[in-house]
Structure formats: C-alpha cells, structure tokens
Amino acid sequence: MKITSVQATWVHVPIPFERQHVSDFGRIASFDSVVVKITADGGLYGWGEAKAGVGSAASAHGLAAIINQDYAPLLVGQDPRDISRLWDVMYNTPREGYAVDRGHVLPQLGRRGLSISAIAGVDIALWDLLGKSLGAPVWRLLGGRRAERMPAYASGGWADEARIGEQLLGYVEKGGFRAVKMRVGVMDGEPHKSAARVRAARKALGPDVKLMADAHGTWTVAEAKAFCRMVEDCDLYWLEEPVTADDKTGLAEVRRASAVPISTGESEFTRHDFREIAELRAADILQPDLAIAGGITEGVRIGAVTSAYNLRLAFAAGVALAASQSAGFILEYSLGANPMLHELVHETFTVVDGQIEIPDRPGLGITVDEDFVRRHARR
C-alpha cells in the first residue's frame, strides 16, 4: 500500500451572530480548522484534523501550507501503515535518516507550534486509514477500549453572574450531564468577579454536579492563587490553565498553594512538554488536544507519561485514544457553536445520561461530509 495524495484544507465556518459568544479570545465569529485527507492506492482514505489555535477562530493558511508543501512531498509514495516511522520523518526532517537509525530525535527546528499541529493532522488521518484498511476501529489497534461508554462533561459557560447558573443547568438538561465547565479569567476583569460567577454556578447546580473552571492561561500566579482561595468551598473538580503555558514553574506554584485540582495541556506540544509538567508536579490532570499536540501517535506517548506519574487524562478530542488509555477518564463535549463536532461528519455523537458511546466502526468511526468541506474551504 502506498500514499497517493495528501490534501489539507483550511475549513472556515462563520458562526451566526446570535450563536457567538465572547471570552478572553474576543467575540468568536468563526470556527476554523484544517481537515486532512490522505488517500492510498486502491482508493482507501483517512481523515485527520489539525488546529492553528485553541480559541476556535484562527487563520489556518500557514498550517495547511505546511502539510501541503512541506510534508506531502515526504509522504507520497510511502506506506501509510508505517505510522511511527512517518511521524519521525516529519518531526526530524531533514535528519530523519539519522534519527530513525540512531533511535533518538534530531529535529531541525519545528519542535513546537504549527509544525507539530501539521504532524497531528497527518498522523490522525494515517490512523483512520489504517483502521479502515484492517476493518477495525482505531481503539482496537491501540489495545482495545476499556468501556463501551465514557463520561463526558459539557463545556461552555460564558454567561455573567446573573445568568451562569441558568446556562449551566441548560447543559445538564441537554444530555443528562453530571459535569459542566465554565470560563473564568481575564474576561471577568478581576479574580473576585470570576469567583462570584463560580459561586453563583455552584449555588444553581447544587452539590451533585461536578463543576470545572477554565481560565485559558490568563492569570498571573498571584491572581490564580487568590482565585483558588476564594472558591475553596465551591468544590471545583478542577481549575484549567490558571496561568500561561510558558510558566510551568508558576503553574506548579499554584498547584502547591491550593487544594483545587489543576489541569492543563491544551496549549502544549509533544510528550516533551507533558513530561516537564509531570516532573514539576504542576498538574493533576493532563489535557492534550490531539489536533495540536502531535496526533494519536504522540497521544499514546503522552498517555504513558501520564500513567507513569499517576496523573489522569481528560481529552478535548480523541475518543479512540481516550477509550484505550488507562489514565483516560472523561471527555469534553462542546456546547458552544462547534461545526466540527456537529456538522463536519455525518454521524452524531449523542450524550445520554452524561455518557458518550465509543463507536465500533472502522477507523475513527466517522464519515466526513466532503460537500461541507468544499463549501467552507478557505484559500
């Protein structure tokens, strides 16, 4: 089997004004992602996704170009089933021969950022293609699923203090969610305003629904510590990205100062970033986004680091990997305007009683709507 084509498309989907929300990223007017299609001889193909930013809206022209101009020429003619080797080829170029021969990494420059996101999109598509070629779901190739269903938490929560309780209760009602996440941080102005919103949310939800808060890395260490003190009686399930990903020692300081569990990882790349977080004891829960951090191949490696340090994994994407990992315990389910979840594929992933069924269809278990991709392609 040989790869015949690699095509990355920047998909830009405008969000109707009435469905837009405002956060520290500003008003989110579109959802942007790079959709990758890899075709092999015989017509078999796989789909992947790469992201140029964690805030939904992003210019993704450069990311698509990396895949189409830099990686595609390396991949065409290769066996798509050699996924681990192809990951090393992309990561170590132009020294991939030395790296493969000597058994250690020799990257030129692209150790983080869009180069890794581009690898992620390709890698996910290769796993999808492999699963389809074998007639097996990806989770089967990774060692099997640990359960037929996984808990999910509803993600959103941008409303103000007066309306946040109503908004989160609406999430609970939509899918029987037993866990919900809200946004806090610089969008509120000061930590005490975020804390007031959290207290309002907890009062509305009662004690039996898990509540998480996500600061998107916008606080200083001092602000994050102050917030944690203010919400100690609110039983937060976790506080996500309290400080910038550039300050991992500061993240560790926040964790040491508070009993609130700390999660992070959405802005991190490769196992090396996650290893550093684990070594610093900077978080309780690691959250790689596979479309950013390096794909499924790198996700397996991150999972090994997580398990070795007795931490847990919470995924924003990657049902197949989450289902196979011993440290995986919950999935994020966006209830904002997310066309990549609700419109890009024909299948529906419905939450029932707070649980998502792990599909047993070949590959990733999805069928991409290619008309949708063409309609929203940005060039």
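Look above for the structure.
K.L.:
Can you walk me through the sheet that holds strand S5 (residues 45-50) in this structure?
P.N.:
Either a parallel or an antiparallel arrangement is found when strands of a sheet pair, and the pairing is made through backbone hydrogen bonds. Taken together, the four strands give an open sheet; going across it, the order is S5-S4-S1-S16, and neighbouring strands pair in antiparallel fashion. Edge positions in the sheet fall to S5 and strand S16 (377-378), since each has one partner strand and no second. Pairing of strand S1 (residues 3-14) with strand S4 (residues 30-40) involves eleven bridges; the strand directions are antiparallel. Counted as the bridge partner of Pro14 is Ser30 from S4. Sheet strands touched by helix H1 (residues 61-75): S1, S4 and S5. Its angle to S1, the strand with the most contacts, is close to 175°.

K.L.:
Is there a simple way to think about the environment of Trp139 in this case?
P.N.:
Mapped onto the elements of the fold, Trp139 is located in helix H5 (residues 138-141). For the pair Trp139 and Asp360, spaced 221 residues apart in sequence, the C-alpha to C-alpha distance is 8.5 Å. Setting aside residues up to four positions removed in sequence, Trp139 forms contacts with Gly144, Arg145, Ala320, Ser324, Ile358, Pro359 and Asp360. Among the polar contacts made by the side chain of Trp139, one reaches the main-chain carbonyl oxygen of Pro359 at a distance of 2.7 Å.

K.L.:
What is the right way to read H1 from this model?
P.N.:
Every α-helix winds through 3.6 residues per turn, so residues three or four apart in the chain are directed the same way. Its 15 residues give H1 an end-to-end C-alpha distance of 20 Å, which sits within 8% of 21 Å, the value for a rise of 1.5 Å per residue. Among the residues of H1, those classed as buried are Leu63, Ala64, Ile66, Ile67, Tyr71, Ala72 and Leu75. The elements touched by buried residues of H1 are S1, S4, S5, helix H2 (83-92) and helix H4 (114-134). Phi turns positive one or two residues past the end of H1, at Gly77, with a value near 95°.

K.L.:
I keep staring at the packing of aromatic side chains and nothing clicks. Help me out?
P.N.:
Working definition: an aromatic ring pair is given by the centre-to-centre distance plus the angle between the planes. Taken as a whole and judged by the stated rule, the model has eight aromatic pairs. Aromatic rings pair up to connect Tyr153, Tyr237, Trp238 and Phe329 into one cluster. The ring of Tyr237 has Lys210 sitting right over it, with the charged end atom 5.3 Å from the ring centre. Note that Arg312 overlies the ring of Phe329, its terminal NZ or CZ placed 3.9 Å from the centroid.

K.L.:
Would you mind going over the environment of Lys193 with me for this structure?
P.N.:
Within the secondary structure, Lys193 sits in helix H7 (residues 191-205). Counting along the chain gives 32 residues from Lys193 to Glu161, while the straight-line C-alpha distance between them is 8.3 Å.

K.L.:
Help me out: how do you make sense of the pattern of salt bridges in this one?
P.N.:
It is possible for side chains bearing opposite charge to pair when their charged atoms get close. Using the criterion set out here, one finds 19 salt bridges in the structure. In this structure, Arg112 and Asp273 form a salt bridge, with 3.0 Å as the shortest nitrogen-oxygen distance. Of this pair, Arg112 sits in the loop between helix H3 (96-102) and H4 while Asp273 is found in helix H10 (residues 270-279), placing the two residues 161 residues apart along the sequence. The buried category is assigned to Asp273, whose relative accessible area is 7%. For Arg255, the salt bridge goes to Asp284, with nearest N and O atoms at 2.8 Å. Of this pair, Arg255 sits in helix H9 (residues 248-257) while Asp284 sits in the loop between H10 and strand S11 (285-286); the two residues are 29 residues apart in sequence, bridging distant segments of the chain. For Arg255, a relative accessible area of 24% puts it in the partly exposed group.

Thresholds applied
- Residues numbered from 1 in each chain as written.
- Predicted model: local features only at pLDDT ≥ 70, side-chain atom pairs only at ≥ 80, totals over all residues.
- Heavy atoms only, no water.
- Pairing = 2+ DSSP bridges.
- Helix = DSSP H or I, 4+ residues; strand = E, 2+ residues; numbered from the N terminus.
- Contact = heavy atoms within 4.5 Å.
- Axes fitted to C-alpha atoms, helices over the stretch in contact; angles between N-to-C directions.
- Polar contact = N/O pair within 3.5 Å; in protein donor to acceptor, adjacent residues only side chain to side chain.
- Expected span 1.5 Å × (residues − 1).
- Buried < 20%, exposed > 50% of the residue type's maximum accessible area, 1.4 Å probe, protein only.
- Phe/Tyr/Trp six-rings, centres within 6.5 Å; stacked < 30°, edge-to-face > 60°.
- Lys NZ or Arg CZ within 6 Å of the ring centre and 35° of its normal.
- Salt bridge = Lys/Arg side-chain N within 4 Å of Asp/Glu carboxyl O.

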